[in-house]
Amino acid sequence: MAAVKAEASELAAPWVAALEALLADAPRPLPLHAPQFDAAEERLVADCVSTAWVSSVGAYVGEFADQLALTCGVNHAVPCINGTAALHMCCHLLGVAPGDEVLLPTLTFVATANAVVHAGAIPHLVESEPARLSIDVDKLDEHLAACAKRTEAGLINRHTGRRIAALIVVHIFGHPADMDRLRDLADRWGIALIEDAAEALGSTYKDRPAGSLADAAALSFNGNKIITTGSGGAILCQDATLAARATHLTTTAKVAERYEFVHDEVGYNYRLSNLHAALGVAQLGKLPQFVADKRLLAARYTDALGAIDGGSVLQEPADSASNYWLNAVVLDEDSADARDAILDRTNDLGILTRPLWRPMHLLPMYADNPRMSDLSVAESLYRRVINLPSSPALLQQLAPAGRQHD
Ligand SMILES: *Cc1c(COP(=O)(O)O)cnc(C)c1O
């Protein structure tokens, strides 16, 4: 036991030393991701307060929606209360019904699976691949060939008898999934395709923006995302009918009437407030700078850590330009023991590194869900990935290039 421990701390030592050197001038504690505000945010939020347009009506919601649609290359963006609600609405809009199954990677933030359950459906958990940390397209294809059949009622899971209605793809840490192959898979099996683009605002895949690559997409503007509204999200789509339905559903399904409160179905109070949207308008204006800074930060991490044995800094796929929302070290299989030693040492030093999310099938509420039998790559990645502090402002706080090599 003692020998194993010594080995883990030996493997961890060069990673910790290199991070300490690179981050020597950065403040402690150094968070994983902190928002960056200046006078622009203050001005727009103060405008909401001084005009009393803080809530569900106000000009910033529409302005934010229009700017988001432009940024993401879609016809429509519908702001809403958070990314989980946006995913829930995407499921609803694309016809996911209670009792359906929805395919999604077991390796994701829990909100992806929770949103499916909020829609009354059942997450069906899928294996990952190591290059993009995303869905393994070939293995999912094989899995569907073995367990599903196409019928007039849709794609049916032969084991459960339930309909498989949709596939949710997650762009992990901002690195786009292989959307052309996933689109092809979804079309061949006759299921809807949803992008969980919560982490990928500002990323592109084959020069097309994340969020424009499926039937509908969800964004998040939580406090730790590349831009934040405090709490917020958006539904993105190309189709005007879907967008109108998203607006209706997220605003309590209220019918336009002069005085009366008339609602024509069970809607949701998922609208984004004007106050949140004001913050969003100011933040979105800085997105190009945030992406540029985060890409430079990724290059600095790669430069500082790239020569260390036993792992590598995760790089964007060759066909994509990532926003590098979170930087990540991926340890080699035989160095996986170093993960906890690196996490312990860096957190002791006030460098708030974090492990990857525990895969969904290892959480109690999703342990018995339908799944691919082999999820070993997802489990292996979970044991080997460490996220590094990645705030855009950190770029200006790094040790001068070259000094960390002295
Ligand atoms: C942040 C995030 C969400 C959820 O967004 P919230 O705004 O926190 O509800 C969903 N999926 C992924 C992959 C995320 O990172």
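Here, residues in each chain are numbered from 1, in the same order as that chain's written sequence. Residues qualify for local features only when their pLDDT is at least 70, as the model is predicted, and side-chain atom pairs are given and counted only at 80 or more; totals for whole chains, interfaces and linings, by contrast, use all residues. In computing side-chain values, all of the structure's heavy atoms are included and hydrogens and water are not.

K.L.:
I'd like to hear about the site of the ligand, residue by residue, with values.
P.N.:
Lining the immediate surroundings of the ligand are 15 residues, of which Thr84, Asp196, Glu199, Ser220 and Lys225 lie closest. Whenever two N or O atoms come within 3.5 Å, that pair is a polar contact, provided that in protein one can donate a hydrogen and the other can accept it, and provided that, for residues adjacent in sequence, both atoms are side-chain atoms. In this structure, glycine 83 approaches the ligand through a main-chain N or O atom, which is 2.8 Å from an oxygen atom. Taking lysine 225, its side chain carries an N or O atom lying 3.3 Å from an oxygen atom of the ligand. Summarising the interface, the protein chains cover 93% of the accessible area of the ligand, which totals 380 Å² for the free molecule. Listing elements by their share of the shell around the ligand, those giving two or more residues are α4 (83–93) and α5 (110–118). Helix and strand labels come from DSSP, where a helix needs a run of H or I of at least four residues and a strand needs a run of E of at least two; each type is numbered from the N terminus. The element best represented in the shell around the ligand is α4, accounting for three residues. Near, as used in this document, describes a residue that has one of its heavy atoms within 4 Å of the molecule or strand being considered. Where accessible areas are quoted, they stem from the Shrake-Rupley method and a 1.4 Å probe; at the residue level, only the protein chains shown are allowed to cover.

K.L.:
Account for the packing of helix α2 (residues 39–51) against helix α9 (residues 274–284), with residues named and values stated.
P.N.:
Helix packing geometry: the angle between the two helix axes and the distance between the axes. Helix axes are fitted to C-alpha atoms over the stretch in contact, other axes to C-alpha atoms as well, and angles between N-to-C directions run from 0 to 180 degrees. Contact geometry of α2 with α9 gives a least axis separation of 8 Å together with a crossing angle of 155°. Taken together, α2 and α9 sit at an angle that is classed as roughly antiparallel. Of the two elements, α2 crosses α9, and the hand of that crossing is right-handed. Contact with α2, carried on its side by Ala40, Glu41, Leu44, Val45, Cys48 and Val49, involves Asn274, Leu275, Ala278, Leu279, Val281, Ala282 and Gln283 of α9 and no other residues of that element. Here the nonpolar group is Ala, Val, Leu, Ile, Met, Phe, Trp, Tyr, Cys and Pro; Asp, Glu, Lys and Arg are the charged ones; every other residue, Gly included, is treated as polar. Counted by class, the contact of α2 with α9 contains ten nonpolar, two polar and one charged residues. An angle below 35 degrees is read as roughly parallel, one above 145 as roughly antiparallel, one from 65 to 115 as roughly perpendicular, and any other as oblique. Here a crossing is called left-handed whenever its near helix is offset anticlockwise from the far helix by less than a right angle, and right-handed whenever the offset is clockwise. Residue contacts are defined here by distance: any two heavy atoms, one from each residue, within 4.5 Å place the two residues in contact.

K.L.:
An account of the layout of surface pockets is requested, with residue identities and associated values reported.
P.N.:
Whether a set of points on the 1 Å grid over the protein atoms alone is a cavity depends on a 1.4 Å probe fitting there but being unable to get out, while an open set qualifies as a pocket with protein on both sides within 12 Å along at least five of seven lines; lining residues are those with an atom within 4 Å of a point. Grid points are joined across faces, edges and corners, and a volume is the space filled by probe spheres set on the points. A volume near 270 Å³ is recorded for the largest pocket. Lining the largest pocket are 14 residues, with Val61, Val78, Pro79, Thr247 and Thr251 positioned closest to its centre. Elements supplying a minimum of two residues to the lining of the largest pocket: α3 (59–72), β1 (76–80) and α8 (240–250). When residues in the lining of the largest pocket are grouped by element, the largest group, four residues, is from α3.

K.L.:
Let's hear about the sheet that holds strand β14 (residues 327–331): which residues, and what values?
P.N.:
Note on pairing: two strands pair once DSSP finds at least 2 bridges between them. Read across the open sheet, the four strands follow the order β12-β14-β16-β15; overall the sheet is antiparallel. Two strands close off the open sheet at either side, each with one partner strand: β12 (311–313) and β15 (354–355). Pairing of β12 with β14, which is carried by three bridges, proceeds in the antiparallel orientation. Residue pairing for β14: valine 313 is matched across the bridge by valine 329. Strand contacts of helix α10 (residues 287–305): β12, β14 and β16 (385–388), with the helix running at about 30° to β14, the strand carrying the most contacts.

K.L.:
Run through the sheet that holds strand β9 (residues 208–209), naming residues and quoting values.
P.N.:
Taken in spatial order, the three strands line up as β9-β8-β13 in an open sheet, and their pairing is antiparallel. Looking along the sheet, the strands with just one partner apiece sit at the ends: β9 and β13 (320–321).

K.L.:
Break down the pattern of salt bridges for me, citing the residues and quoting the values.
P.N.:
A carboxyl oxygen of Asp or Glu within 4 Å of a side-chain nitrogen of Lys or Arg is what we treat as a salt bridge. The tally for this structure, following the rule as stated, stands at 18 salt bridges. As a salt-bridge pair, arginine 132 and aspartate 319 come within 2.5 Å of each other at their nearest N and O atoms. Residue arginine 132 is found in the loop between β3 (122–126) and α6 (137–147), and its partner aspartate 319 is found in the loop between β12 and β13; the two are separated by 187 residues along the sequence. For the exposure calls, accessible area comes from a 1.4 Å probe over protein chains only, and a residue counts as buried if that area is under 20% of its type's maximum, exposed if over 50%, partly exposed in between. A relative accessible area of 11% places arginine 132 in the buried class. What makes aspartate 319 partly exposed here is its relative accessible area of 24%. Where aspartate 180 meets lysine 206, a salt bridge forms, and the shortest distance between an N and an O atom there is 2.8 Å. In this pair, aspartate 180 sits in helix α7 (residues 179–189) while lysine 206 sits in the loop between β8 (204–205) and β9, placing the two residues 26 residues apart along the sequence. When salt bridges that share partners are traced, they join Asp38, Glu41 and Lys286 into one network.

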